[in-house]
4 protein chains.
Amino acid sequence: MPALTNEPHRVDDSFLPTSKTMKALVFAKPGVVELREKPIPAVGPNDALMRVTVTTICGTDVHILKGEYPVAAGLTVGHEPVGVIAALGSAVSGFKLGQRVIAGAITPCGQCHSCLDGTMSQCGGKAMGGWRLGNTIDGCQAEYVLVPNAAANLATIPDDLTDEQVLMCPDIMSTGFGGAESGRIRIGDIVAVFAQGPIGLCATAGARLSGASTIIAVDMLDRRLAVSQSLGADLVVNASDGDPVARIMELTNGRGVDVAIEALGTPWTFESALRVLRPGGTLSSLGVYSGKLTLPLDAFAAGLGDHHIVTSLCPGGKERMRRLMNTIQGGRVDLRPLVTHSFPLDQIVEAYELFANQRDGVLKVAIRP
Amino acid sequence: MPALTNEPHRVDDSFLPTSKTMKALVFAKPGVVELREKPIPAVGPNDALMRVTVTTICGTDVHILKGEYPVAAGLTVGHEPVGVIAALGSAVSGFKLGQRVIAGAITPCGQCHSCLDGTMSQCGGKAMGGWRLGNTIDGCQAEYVLVPNAAANLATIPDDLTDEQVLMCPDIMSTGFGGAESGRIRIGDIVAVFAQGPIGLCATAGARLSGASTIIAVDMLDRRLAVSQSLGADLVVNASDGDPVARIMELTNGRGVDVAIEALGTPWTFESALRVLRPGGTLSSLGVYSGKLTLPLDAFAAGLGDHHIVTSLCPGGKERMRRLMNTIQGGRVDLRPLVTHSFPLDQIVEAYELFANQRDGVLKVAIRP
Amino acid sequence: MPALTNEPHRVDDSFLPTSKTMKALVFAKPGVVELREKPIPAVGPNDALMRVTVTTICGTDVHILKGEYPVAAGLTVGHEPVGVIAALGSAVSGFKLGQRVIAGAITPCGQCHSCLDGTMSQCGGKAMGGWRLGNTIDGCQAEYVLVPNAAANLATIPDDLTDEQVLMCPDIMSTGFGGAESGRIRIGDIVAVFAQGPIGLCATAGARLSGASTIIAVDMLDRRLAVSQSLGADLVVNASDGDPVARIMELTNGRGVDVAIEALGTPWTFESALRVLRPGGTLSSLGVYSGKLTLPLDAFAAGLGDHHIVTSLCPGGKERMRRLMNTIQGGRVDLRPLVTHSFPLDQIVEAYELFANQRDGVLKVAIRP
Amino acid sequence: MPALTNEPHRVDDSFLPTSKTMKALVFAKPGVVELREKPIPAVGPNDALMRVTVTTICGTDVHILKGEYPVAAGLTVGHEPVGVIAALGSAVSGFKLGQRVIAGAITPCGQCHSCLDGTMSQCGGKAMGGWRLGNTIDGCQAEYVLVPNAAANLATIPDDLTDEQVLMCPDIMSTGFGGAESGRIRIGDIVAVFAQGPIGLCATAGARLSGASTIIAVDMLDRRLAVSQSLGADLVVNASDGDPVARIMELTNGRGVDVAIEALGTPWTFESALRVLRPGGTLSSLGVYSGKLTLPLDAFAAGLGDHHIVTSLCPGGKERMRRLMNTIQGGRVDLRPLVTHSFPLDQIVEAYELFANQRDGVLKVAIRP
C-alpha cells in the first residue's frame with residue numbers, strides 16, 4: 001500500500017558529526033578534482049546541515065571538472081544529496097535531527113520575486129539562480145553539506161523507500177520528468193525523446209506517466225535503448241542506423257510528433273527535435289548547449305508553424321521532491337536500474353574517471369561517504 | 001508495435017444496405033422502448049450513413065427509458081456507435097465506403113462559434129448542444145445510424161483493433177478520461193474517484209494515465225472496486241463500510257486529495273468529493289445530477305478555499321476518438337473487461353432490463369445488430 | 001514615465017518607535033471593538049515591524065466585529081497595512097529601515113508545501129492558511145504591526161506613488177483583480193460582475209485590464225454603478241429594477257456571458273452568476289458565503305454544461321504587491337475614488353460605525369495612525 | 001452602448017454579381033502583379049462568394065510580388081476581405097445574401113484533426129495549412145472572392161461598425177493580438193514589442209488589452225513610435241539611437257521584460273527579443289524569418305533559463321473575427337489610424353508600389369473594388 005504521508009520518520013542520532021572536519025571533493029583546476037579535508041560548515045539561521053549517505057555524479061559535474069563550466073577553485077562539487085539532518089538553523093522549524101531527507105539540486109528560497117512568481121529555478125531573478133549546491137556554494141560530494149533555505153528544501157524520505165530508491169530525485173528524475181511536464185503532454189500524444197542518457201530515460205518515463213500513447217526513444221547505444229523500453233518507450237530508433245528524423249517521420253506516416261524532448265544538448269539533436277514536430281507541436285528542451293544553436297527555417301515554418309519551444313531547468317524545492325518520491329512510492333517508476341555502479345567517497349576520483357569516459361555501460365554511479 | 005497511423009484501412013463492401021428499412025430501438029413512452037422497423041435514413045450532403053456492428057447501452061439511455069430525460073416519442077435511442085461506412089454525403093471527402101469507423105456520442109459541427117472557441121460539446125452555444133445522437137436525432141441502437149457533420153465525426157478504427165476494443169471510446173472512455181483531464185491532474189497528485197461504475201472506472205484509468213501517484217477508488221460494491229484496482233486504483237474504499245470522507249482523510253493523514261472526481265451524479269457523492277479536497281484542490285464532476293445540489297460551506301471554506309469545480313460533458317469529434325483509440329492501441333488501457341454481457345439487437349429489450357436493474361454484475365453490455 | 005523599478009527608495013528614520021507601547025484596535029467581544037494600549041511587538045528573526053501610516057477597514061473586519069467570523073478576544077484587527085519599516089528580524093535581508101512598504105492581507109511563507117505548489121493563499125495546507133494578519137495574529141489597525149515571513153511579504157512602494165494610491169493593493173485590489181484573473185478572461189469576452197462594492201469595483205477594473213470587450217456591472221445602488229462605469233463597466237444593471245438575470249440574457253440576446261464574477265457572497269448572487277453563464281463559461285467567485293449555497297440544476301445543465309466554478313482568496317506576497325503597484329504606477333487604474341472617507345486611528349470606532357452601516361455613500365475609509 | 005450581438009444585420013441586394021467576370025490582381029511572375037479579368041468563381045456546396053468592398057495589402061503580399069514567397073502564376077493575391085455575401089453554397093446555412101461580412105486571412109475547416117485539436121491555423125496538419133486565400137487558392141484583391149468552409153469563416157459585421165473599422169481584423173489585428181495572447185501576458189507584466197509596423201502596433205495594442213503594466217515599443221522610425229504611444233506603449237526606444245537591448249535593460253534596471261514580442265522577422269530582432277527577457281520569460285514571435293536564425297547561448301542561458309519561445313500564425317475563423325470586432329465595438333481599440341492611404345482597385349499596382357517601398361509614411365492602404 002502506497003504511503004500517503006511522510007510521517008512519522010525514523011530518527012537516528014548516529015549521524016551527528018563527531019569531528020570538525022570532513023572529506024569533500026573539490027574542484028582544484030580544469031581537469032582536476034580532488035578529495036580534501038575541509039571544515040564542516042557552520043550552520044546559519046535558515047540552513048540545515050545534512051550528513052550525506054549517498055550522492056551521485058552528474059554530467060554537469062564533468063563539465064565542471066573539465067573547466068567547461070566555471071566554478072571557484074576549492075568549491076565542493078555535487079548537487080544530488082541524500083542523507084540525514086545533522087543540524088538545523090535557529091530559524092528552521094518543522095524538522096528533527098536524524099530525519100532522512102533529500103534536497104533538490106535546485107534550492108529555491110521561496111521568498112524572492114521570482115520564486116513567488118512561480119519561476120523558482122531562476123531564484124533571485126538570475127539565470128539558473130536556484131542552482132546553488134556545487135555551483136555558487138559548496139556541494140554534496142562530501143560527508144556533510146549545508147542546505148540553504150532549509151525550510152523550503154529539506155524533503156523527508158518516506159520510511160518505506162531506501163536511500164537508493166530516491167537517489168535520482170534531486171536532479172535526474174526532476175529534470176527528466178520536467179521535460180515531459182513542460183511539453184504539456186496530453187493523453188494520446190505521440191512523443192519523441194532524443195537521447196537516452198539518464199535524463200532522457202527519465203524524460204521517457206515522465207512521458208509515459210503523462211499519458212503519451214506512443215513514445216519513440218532515440219539514442220546511438222542499443223543498451224540505452226533497451227533501458228528506455230523498460231521505462232516506457234514503445235519504439236526505439238538507433239541514430240547510428242541512419243537519420244532519425246527520416247525514421248520518425250516514416251514511423252508517424254509523415255505526421256510528426258506532438259512533443260519532442262531534447263535531452264542531450266547538441267545543436268543536432270535540437271534541430272532534429274524541431275524537424276520531427278508536427279505544426280503546432282512543442283519542443284521541450286532539457287539539454288545544456290554549447291556551440292551554435294540554430295533554428296532551421298524550413299522545420300520552423302519560417303516562424304509560422306505555431307511551434308512552442310520550452311526550456312526547463314530542474315525543478316527543486318521540498319514539494320517537488322515529495323511528489324517525485326511519492327511517485328516512486330506508488331510504484332509508478334523504479335529508477336534503480338539507472339545506478340549501474342557504486343563507489344565509496346574515497347574512490348570518487350575513480351568514479352569520475354569511469355563516468356566522464358562513459359566506460360563499462362555506466363549510466364549513473366552511487367557515491368557513498 | 002503500436003500503429004502510429006490509421007492508414008490503410010480494410011474496405012469491405014458487404015455492409016452496404018440491401019434493404020430500405022432497418023430495425024431500430026425507439027423510445028415509445030416512459031417505461032417502454034421497443035424494436036421497430038424504420039426506414040434507413042436518407043443521407044444529406046454533410047452526413048454519413050454507418051452500418052452499426054456493435055453498440056452499447058448507457059446509463060443515460062436508462063434515464064430516457066424511464067422518462068426521466070425527455071426525448072421525442074419514436075426517437076431511436078443510443079449514442080455509442082461502432083460500425084462501417086455504408087454511405088457518404090456528397091460534400092464529405094476523405095473517407096471510403098466500407099471503412100471501419102466509430103463516432104463519438106457527442107458530434108460537434110466544428111464550425112459554429114462554440115466549436116471554434118473550443119467548447120465543442122456545447123455545440124451551437126446550447127447546453128449539451130453537441131449531444132445529438134439518440135437525443136435530438138435518431139441514435140445508433142439500430143442497424144444503421146446517420147452521423148451528422150461526418151467530416152468532423154467519423155474516426156477510422158486502426159486495423160489492429162477489434163470493434164470490441166473500441167466500443168467504450170464514443171462515450172464511457174471519453175467521459176471518464178475527460179474527468180481526469182479536466183481535473184488537470186499532475187504527476188504526484190493524490191486523486192479520489194467517487195463511484196466505480198463504467199465512467200468512474202474509466203476516470204480511474206484516466207487518472208492513472210495522467211500521472212496521479214495515488215488513486216483512491218470509492219464504491220459500494222466490492223466487485224467494482226476489484227475492477228478499479230485492475231485499472232489503476234491503489235487504494236479502495238467501500239462506502240458501505242462507513243463514511244468514505246473520514247476514511248480518505250485518514251488515509252491522507254488529514255491532508256486531503258488534490259483532485260476528486262465525481263462519477264455518479266448524487267448530491268452525496270458531490271458533497272463528499274468536495275469534503276476530501278485539500279484547499280486549492282479541484283473537484284472534477286462527471287455525474288448527471290438530480291435533486292438538490294448543495295455546496296457545504298464548511299468544506300467550501302465559505303468560498304475562500306481556492307477551490308475549482310469543473311464539469312465535463314463527454315468530448316467528441318474524430319480527433320478525440322483517434323487519441324482514445326491510439327491509447328488503447330499503445331496498450332495503455334484495456335477496457336474490454338467492462339463489457340460483461342453481449343446481446344443481439346433482437347434481444348436489446350432484455351439487455352435494457354438487465355442493465356437498468358444492474359443484475360448479474362453487469363457493467364456494460366454489447367449490442368450486435 | 002512609469003517607473004520600471006522600485007529602487008532606490010526614500011529612507012526616513014522618523015518612524016522608528018520611540019515608545020514601548022502603541023494604540024491598537026482589538027476585538028473585545030461580539031459587537032465590540034476598542035482601542036487599547038498594547039506593547040509594540042517583539043521582532044522574531046524572520047519578522048519585520050512596520051510603522052503603519054495608513055490602513056483601512058474591510059467587510060471581513062465587520063464580520064469579526066459582529067462575531068460572525070470568530071477571532072480571539074484581544075486580537076488586533078486589520079489586514080491592509082501601508083507604512084514604513086521600523087525594525088527588521090535578524091534573518092531578514094534586502095530591506096532597510098525607513099523604507100516605505102506594504103504587505104498583502106495574505107502573508108504566505110513561500111516555503112511550505114502549499115506555497116511551493118503555487119497555492120500560497122492556503123499556506124500550510126490549511127484553508128485560508130495564508131490569512132494571518134488580523135485573523136490568527138495581530139493585525140494592522142494599530143500604530144505598529146508585525147509582518148511575518150518578512151522576506152516574502154514586504155513590498156517596497158515606488159517613490160512616485162503616495163501611500164493613498166497603494167492603500168487598496170493589500171486586499172481589495174488583489175482580490176478583485178484575482179477574480180478577473182481566475183476567470184481566465186480572454187480578449188473579446190463578455191463579463192458580468194455581480195455587486196459593485198469595493199471588491200466588485202476592483203473586479204470590474206480587473207476585467208477591463210484583462211481584455212473583456214463588454215463588461216456588465218450589477219448592483220442595487222446607482223452611485224456604485226456610476227463608479228463602476230468610471231472603472232471600466234460598459235453596461236450597468238440596477239438589480240432593484242428587476243431580475244438582473246433576465247436583463248443580462250436580454251442584453252446578450254440569450255447568449256449569456258463568458259465569465260461571471262460574484263463579489264458579494266450571497267446565494268442569490270452566486271446563483272444569478274451561474275444563470276447568466278453561457279455553456280462552457282466560468283463563474284469566478286470572490287464572496288464569503290453564509291447560509292445555504294445551492295447549484296440550481298437547470299442553470300448548471302445538471303452537471304453537463306462544461307462549467308467552471310473557481311473561488312479565490314486574495315493573492316498575497318511581495319511579488320503580487322509589486323505587480324499591483326506597477327499597474328497603478330503605469331496609469332492603468334486609479335483606485336483613490338474608492339476611499340470616500342478618512343479618520344485618524346483615534347476615531348476608528350466611529351469609522352467602523354460608518355462603514356458597517358454603509359452610511360454616507362461610503363466605499364472605503366482611510367485610517368491614519 | 002456596445003452591441004452584444006451581431007443580429008440583426010442589414011441586407012442589401014445591390015452587391016449581387018451582374019457579370020460573369022471580375023477584375024482581380026494576379027501574381028504574374030517575380031516582380032510583376034497585374035490586374036486581369038477573371039471569371040467570377042463557381043460556388044461549391046461549402047463555399048460562399050463574397051463581393052469585396054474593401055481590402056488591403058499585406059507585407060506577405062510584397063514577398064509574393066518579389067517572388068520571395070512562391071505562389072502559382074495567375075493566382076489572385078490578397079487575404080484580408082471585407083464585403084457582402086453574394087452567393088452561398090448549397091450546404092451552407094445560417095447566413096443571408098447581402099449580409100456584411102469579413103473572413104479571416106486564415107480559413108480553417110474546423111473539421112480536420114488539427115482544427116478539432118485546437119491548432120486551426122495549421123489546418124490539415126500542414127504547416128500554415130489554414131492559410132488558403134491568396135496562397136493556395138485565389139485571394140481577395142479582386143471584386144469577388146470565394147470563401148472556403150464558409151460556415152466556419154463568414155463573420156457578420158455589427159451594424160454599428162463601418163467596413164473601414166474592421167479592415168484590420170482578418171490579419172493584422174488577429175496576428176498582432178495573437179502575439180500578445182500567445183505570450184500569456186499577465187496583469188503587471190513588463191512587455192517589449194520589437195518593431196512597430198502594422199503587426200507590431202497591433203501587438204502593442206494587444207499587450208495593453210492583456211494587462212501589461214509597462215509596454216516598451218521599439219522601432220527605427222519616430223512616426224511609428226508615436227503611433228505606438230497612441231495605441232498603448234508607455235516607453236519608446238528608437239533603435240537608431242543605439243542598441244535597444246542595452247536601453248531596455250537600463251530601463252528595467254537590469255531585470256529584463258516578462259514578455260518580448262518580435263514583429264519584424266529578422267534574426268536581429270529575434271535575438272534582441274531573447275536578450276531582453278528575464279529568466280523564465282516568453283518570446284512571442286510573429287515575424288516571418290529569412291536568413292539564419294540563431295539562439296544566442298548567453299541570452300538563452302545555454303538552455304537552462306526556463307525560457308518559452310512561441311510562434312503564432314494569424315488565428316482565423318468566424319469566432320475569432322467576432323471577438324476582434326466586438327473589441328473594436330466596445331471601444332477598446334481603434335485601428336483606423338493604421339490605414340494611411342486609400343486606392344481604388346484599378347490603382348492597386350500603384351498601391352503596391354507605394355506600400356512595397358514604404359513611401360509617404362504608409363502603414364496600411366485600403367483598396368476599394
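Keep in mind that what you see is a predicted model, and the values were worked out from it rather than measured.

Reading the values: rules and limits
- Position labels on residues start from 1 in each chain and follow its written sequence.
- As they are written, the chains are lettered A onward and the ligands numbered 1 onward, keeping that order.
- It should be noted that, the model being predicted, local features are given only for residues of pLDDT at least 70 and side-chain atom pairs only at 80 or more, the latter also being counted only at that level, while totals for whole chains, interfaces and linings use all residues.
- Starting at the N terminus, helices and strands are each numbered in turn, a helix being any DSSP run of H or I of at least four residues and a strand any DSSP run of E of at least two.
- Computation of the radius of gyration draws on C-alpha atoms alone. For the globule rule, the value is 2.2 Å times the number of residues to the power 0.38.
- Counting other C-beta atoms within 10 Å of a residue's own tells you its class, since 20 or more makes it buried, 12 or fewer makes it exposed, and anything in between is partly exposed; those C-beta atoms are placed from the backbone.
- Working definition of a contact: two residues with C-beta atoms, positioned from the backbone, lying within 7 Å.
- To define axes, lines are fitted to C-alpha atoms, for helices over the stretch in contact only, and angles between the resulting N-to-C directions are given on a 0 to 180 degree scale.
- With respect to orientation, any angle under 35 degrees is reported as roughly parallel, any angle over 145 as roughly antiparallel, any angle of 65 to 115 as roughly perpendicular, and every other angle as oblique.
- When residue character is reported, Ala, Val, Leu, Ile, Met, Phe, Trp, Tyr, Cys and Pro are called nonpolar, Asp, Glu, Lys and Arg charged, and the others, Gly included, polar.
- Criterion used throughout: strands pair if DSSP finds at least two bridges between them.
- Marked domain ranges trace back to an automatic or database domain assignment.
- What we call a nonpolar core is a set of buried Ala, Val, Leu, Ile, Met, Phe, Trp, Tyr and Cys residues whose membership is set by joining through C-beta atoms within 7 Å.
- Copies are brought into register by a least-squares superposition over C-alpha atoms of residues with pLDDT of at least 70 in both.
- By convention a crossover is right-handed if, when the strands point away from the viewer, the path from the first strand over the helix to the second runs clockwise.
- Relevant arc is that of directions from the helix axis to the C-beta atoms, nothing else.
- The predictor reports its confidence for every residue as pLDDT, a score running from 0 up to 100.
- Note on convention: near helix rotated counterclockwise from far helix by under a right angle means a left-handed crossing. Clockwise means right-handed.

Participant: Can you help me understand the overall build of chain A in this one?
Facilitator: Scanning chain A from N- to C-terminus turns up ten helices and 16 strands. Over its C-alpha atoms chain A spans a radius of gyration of 20 Å, differing by no more than 12% from the 21 Å that the globule rule assigns to 369 residues. Put simply, chain A has 369 residues, and 65% of those count as buried. Considering only contacts within chain A whose residues lie at least 6 apart along the sequence, 71% involve residues at least 24 apart.

Participant: Just to check I follow, could you spell out the packing of helix 4 (residues 169-182) of chain C against helix 9 (residues 318-329) of chain C for this structure?
Facilitator: In a pair of packed helices, the angle between the axes and the distance between the axes together describe the arrangement. Residue and element names in this part refer to chain C. Two elements in contact, helix 4 and helix 9, have axes whose closest approach is 10 Å; the angle formed by their N-to-C orientations is 80°. Relative to helix 9, helix 4 is oriented roughly perpendicular. In this structure, helix 4 contributes Cys169, Met173, Ser174 and Phe177 to the contact, and helix 9 contributes Arg320, Met321, Leu324 and Met325.

Participant: How should I be thinking about the interface of chain C and chain B in this particular structure?
Facilitator: By a widely used convention, the size of an interface equals the accessible area lost when the partners come together. Every contact between the two is made by 36 residues of chain C and, on the other side, 35 residues of chain B. Mapped by element, the contributors of at least two residues to the side of chain C that touches chain B are strand 12 (277-285), strand 13 (293-295) and strand 14 (308-311) of chain C. Tallied by class, the residues present in the side of chain C that touches chain B amount to 14 nonpolar, 17 polar and five charged. The pairing of strand 13 (residues 293-295) of chain B with strand 13 of chain C spans three bridges and is classified as antiparallel. From the neighbouring strand, B:Leu293 faces strand 13 of chain C, where its bridge partner is C:Leu295.

Participant: How should the environment of D:Asp234 be read in this particular structure?
Facilitator: All names here are of chain D. Within the secondary structure layout, Asp234 lies in the loop between helix 6 (222-231) and strand 10 (235-238). What makes Asp234 buried here is the crowd of 24 C-beta atoms within 10 Å. C-alpha of Asp234 to C-alpha of Ala217: the two residues are 17 residues apart in sequence and 7.7 Å apart in space.

Participant: In this structure, what is going on with the domain arrangement of chain A? I would like to understand it.
Facilitator: Residues and elements named next belong to chain A. When its domains are assigned, chain A resolves into domain 1 (13-167 + 335-368) and domain 2 (176-311). A C-alpha centroid distance of 29 Å is found between domain 1 and domain 2. Listed per partner, the contact involves seven residues of domain 1 and seven residues of domain 2. Grouping the constituent residues of the side of domain 1 that touches domain 2 by class yields four nonpolar, two polar and one charged.

Participant: I would appreciate a short explanation of the sheet that holds strand 11 (residues 257-262) of chain D in the present structure.
Facilitator: Working definition: the strands of a sheet are paired by backbone hydrogen bonds and lie parallel or antiparallel to each other. Pairing is mixed across the open sheet formed by twelve strands, whose spatial order is 10(A)-9(A)-8(A)-11(A)-12(A)-14(A)-14(D)-12(D)-11(D)-8(D)-9(D)-10(D). In this open sheet, the two strands that pair with only one neighbour each are strand 10 (235-238) of chain A together with strand 10 of chain D. Averaged over all pairs of adjacent strands, the angle between their axes in this sheet comes to 15°, without regard to strand direction. Docked against the sheet, helix 7 (residues 244-251) of chain A engages strand 8 (190-194), strand 9 (214-219), strand 10 and strand 11 (257-262) of chain A, running at close to 155° with respect to strand 10 of chain A. In the packing of helix 5 (residues 198-209) of chain D onto the sheet, contacts are made with strand 8 (190-194), strand 9 (214-219) and strand 11 of chain D, and the angle to strand 8 of chain D comes to roughly 170°.

Participant: When you look at the nonpolar core in this model, what are you seeing that I'm missing?
Facilitator: One recurring pattern in soluble globular proteins is that nonpolar side chains are buried together. Of all hydrophobic cores here, the largest spans 517 residues; its most connected members are A:Met50, B:Met50, C:Met50 and D:Met50. The residues contacting B:Met50, other than those within four sequence positions of it, are B:Pro81, B:Gly83, B:Val84, B:Ile85, B:Ala86, B:Val101, B:Ala103, B:Tyr144, B:Val145 and B:Val147.

Participant: What exactly am I supposed to notice about the relation of the copies chain C and chain B here?
Facilitator: In this arrangement, two copies of a chain are superimposed by a rotation about an axis accompanied by a shift along the axis. Each copy of the sequence occupies a distinct position, and chain C is placed on chain B by a rotation of 180° and an axial shift of 0.0 Å, giving an RMSD of 0.0 Å. With respect to symmetry, the two chain copies, as superposed, fit the operation of a two-fold axis. Minimal C-alpha distance to the rotation axis in chain C is attained by C:Thr294, lying at 2.2 Å. A share of 97% of the interface residues of chain C reappears at the interface of chain B, consistent with the copies meeting face to face through the same patch.

Participant: What's the story with the sheet that holds strand 11 (residues 257-262) of chain B in this structure? I'm lost.
Facilitator: Strand order in this open sheet of twelve strands is 10(B)-9(B)-8(B)-11(B)-12(B)-14(B)-14(C)-12(C)-11(C)-8(C)-9(C)-10(C), and the pairing throughout is mixed. Since the sheet does not close on itself, it has two edges, and those belong to strand 10 (235-238) of chain B together with strand 10 (235-238) of chain C, each with one partner. Taking each pair of neighbouring strands and ignoring which way they run, the sheet shows an average axis angle of 15°. Where strand 8 (residues 190-194) of chain B lies against strand 9 (residues 214-219) of chain B, five bridges are found, and the strand directions are parallel.

Participant: Even after reading the chapter, I still don't get the relation of the copies chain B and chain D, so can you show me in this structure?
Facilitator: With an RMSD of 0.0 Å, chain B superimposes on chain D once it is rotated by 180° and translated 0.0 Å along the axis. A shared binding surface is used by both copies, with 100% of the interface residues of chain B retained as interface residues in chain D.

Participant: Which parts of the structure should I look at to understand the interface of chain B and chain D?
Facilitator: Taken together, the contacts link 18 residues of chain B with 18 residues of chain D. Per-class residue counts for the side of chain B that touches chain D are six nonpolar, eight polar and four charged.

Participant: Please clarify how unusual backbone geometry should be interpreted in this entry.
Facilitator: Peptide bonds are mostly trans, and most non-glycine residues show a negative phi. All names here are of chain A. Even without being a glycine, Asn149 presents a positive backbone phi close to 45°. In this structure, Asn149 sits in the loop between strand 6 (144-147) and helix 3 (150-153). Residue classification places Asn149 among the buried positions, given that 29 C-beta atoms sit within 10 Å. A positive phi is found at Asp306, a non-glycine position, where the angle reads about 55°. Relative to the assigned elements, Asp306 resides in the loop between strand 13 (293-295) and strand 14 (308-311).

Participant: I would appreciate a short explanation of the pairing of strand 16 (residues 364-368) of chain C in the present structure.
Facilitator: Put simply, side chains in a regular strand alternate between the two faces of the sheet. Residues and elements named next belong to chain C. Counting buried residues along strand 16, four of its five residues qualify, which places the element largely inside the surrounding structure. Alignment of strand 3 (residues 48-56) against strand 16, held across two bridges, turns out to be antiparallel. Paired with Thr56 across the two strands is Ala366, which belongs to strand 16. Pairing of strand 15 (residues 339-344) with strand 16, which is carried by five bridges, proceeds in the parallel orientation. For Ser342, the partnering residue across the bridge sits in strand 16 and is Ala366. In terms of handedness, the path from strand 15 via helix 10 (residues 348-356) over to strand 16 forms a crossover that is right-handed.

Participant: So what exactly am I meant to see when it comes to helix 6 (residues 222-231) of chain C here?
Facilitator: Since the α-helix advances by 3.6 residues per turn, residues separated by three or four positions end up pointing in the same direction. Residue and element names in this part refer to chain C. By the burial criterion, the buried members of helix 6 are Arg224, Leu225, Val227, Ser228 and Leu231. The buried residues of helix 6 all sit within an arc of 155° when viewed along its axis, so they share a single face. Across from the buried face of helix 6, at angles greater than 90 degrees, the exposed residues are Asp222, Arg223 and Ser230. In this fold, the buried residues of helix 6 make contact with helix 5 (198-209), strand 9 (214-219) and strand 10. Immediately downstream of helix 6, the backbone of Gly232 shows phi near 135°, a positive value.

Participant: I'm lost on the pairing of strand 8 of chain B in this one. Help?
Facilitator: Of all five residues making up strand 8 of chain B, five are buried, and the element is well covered by its neighbours. The two faces of strand 8 of chain B match: B:Ile190, B:Ala192 and B:Phe194 on one face and B:Val191 and B:Val193 on the other face are all buried.

Participant: Is there a simple way to explain the confidence of the model for chain A in this structure?
Facilitator: Low pLDDT means the predicted atomic positions in that stretch should not be read closely. Residue and element names in this part refer to chain A. With 96% of its residues at a pLDDT of 70 or more, chain A has an overall mean of 95. Counting contacts from residues 1-11, a segment whose pLDDT is below 50, to residues more than four positions away or on other chains yields 27 contacts. Overall fold confidence for the complex sits at a pTM of 0.96, while the interface term, ipTM, reaches 0.95.

Participant: Teacher, can you tell me more about the packing of helix 4 of chain C against helix 5 of chain C here?
Facilitator: Residues and elements named next belong to chain C. Running from N to C, helix 4 and helix 5 cross one another at 50°; their axes reach a closest spacing of 7 Å. Put simply, helix 4 runs oblique to helix 5. Judged by the sense of rotation from one axis to the other, the crossing of helix 4 with helix 5 is right-handed. Here Ile172, Met173, Thr175, Gly176, Phe177, Gly179, Ala180 and Glu181 of helix 4 come into contact with helix 5, specifically with Pro198, Ile199, Gly200, Leu201, Cys202, Ala203, Ala205, Gly206 and Ala207. Each residue belonging to the contact of helix 4 with helix 5 can be placed in one class, and the counts come to eleven nonpolar, five polar and one charged.

Participant: Hey, could you run me through the environment of B:Thr175 in this one?
Facilitator: Residues and elements named next belong to chain B. Mapped onto the elements, Thr175 comes out in helix 4 (residues 169-182). Along the sequence, Thr175 and Ser312 sit 137 residues apart, while their C-alpha atoms lie 7.5 Å from each other. Beyond its immediate sequence surroundings of up to four residues, Thr175 is in contact with Ile199, Cys202, Leu286 and Cys314.

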